Amino acid sequence: MMSTLASPATITVTVFGVAALVTLGVGIYWLFNKRARLRDIAEMRAKLDELEPSDPEYGAVRALYTSMVLDAERWGYFAGEAGSGGHASSADHGGSDHVGDAGGGGHAH
């Protein structure tokens, strides 16, 4: 029994099996994390749309939203969804409603 478990073929198959399971687990985690982050970004965008630039928490919400979008772009979460209108409409929207009111930016409406 001991010689069967210690054979190079058994060890190799075990190592490859563990590596495959770890890769599968990381892939599933990344997929669910991506969906959760995109949902969080959409919720933050809705919160930002509700606030006016004069609200005390507007700056913090806008900074958090911007940070979340930058992180998502860096991780490539928007690459496959730009054509579907999922992110493209909200990213280009990017606070342009309020930028002119805040005195910066350069968007003309």
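A short tour of the structure in this document, coming up. (Residues numbered from 1 in each chain as written. Predicted model: local features only at pLDDT ≥ 70, side-chain atom pairs only at ≥ 80, totals over all residues. Heavy atoms only, no water.)

### Points about the overall build of the protein
Counting secondary structure elements, the protein contains five helices and zero strands. For the protein, buried positions account for 20% of its 109 residues. Within the protein, contacts between residues at least 6 apart in sequence are counted, and of these 53% link residues at least 24 apart. For the protein, the computed accessible surface area is about 7,600 Å², with 65% contributed by carbon and sulfur atoms. (Helix = DSSP H or I, 4+ residues; strand = E, 2+ residues; numbered from the N terminus. Buried < 20%, exposed > 50% of the residue type's maximum accessible area, 1.4 Å probe, protein only. Contact = heavy atoms within 4.5 Å. Areas by Shrake-Rupley, 256 points an atom, 1.4 Å probe, with all protein chains shown as cover.)

### Examining the packing of aromatic side chains
Note on aromatic pairs: each is described by the distance of the centres and the angle between the planes. Under the criterion given, the structure shown has zero aromatic pairs. Sitting over the ring of Tyr-65, Arg-45 keeps its end group 5.2 Å from the ring centre. (Phe/Tyr/Trp six-rings, centres within 6.5 Å; stacked < 30°, edge-to-face > 60°. Lys NZ or Arg CZ within 6 Å of the ring centre and 35° of its normal.)

### Here we look at the packing of helix α2 (residues 8–50) against helix α3 (residues 58–74)
Two numbers describe how α2 lies on α3: the axes approach to 10 Å, and their chain directions differ by 150°. By the angle class used here, α2 and α3 are roughly antiparallel. Considering how the two elements wind past one another, α2 and α3 form a crossing that is left-handed. For the pair formed by α2 and α3, the contact residues are Asp-40, Ile-41, Met-44, Arg-45, Lys-47 and Leu-48 on the first element and Tyr-58, Val-61, Arg-62, Leu-64, Tyr-65, Met-68, Val-69 and Ala-72 on the second. Within the contact of α2 with α3, the residues separate by chemical class into ten nonpolar, no polar and four charged. (Axes fitted to C-alpha atoms, helices over the stretch in contact; angles between N-to-C directions. Parallel < 35°, antiparallel > 145°, perpendicular 65-115°, else oblique. Left-handed = near helix turned anticlockwise from the far one by under 90°. Nonpolar A, V, L, I, M, F, W, Y, C, P; charged D, E, K, R; others polar.)

These values are about where atoms sit, not about what they do.
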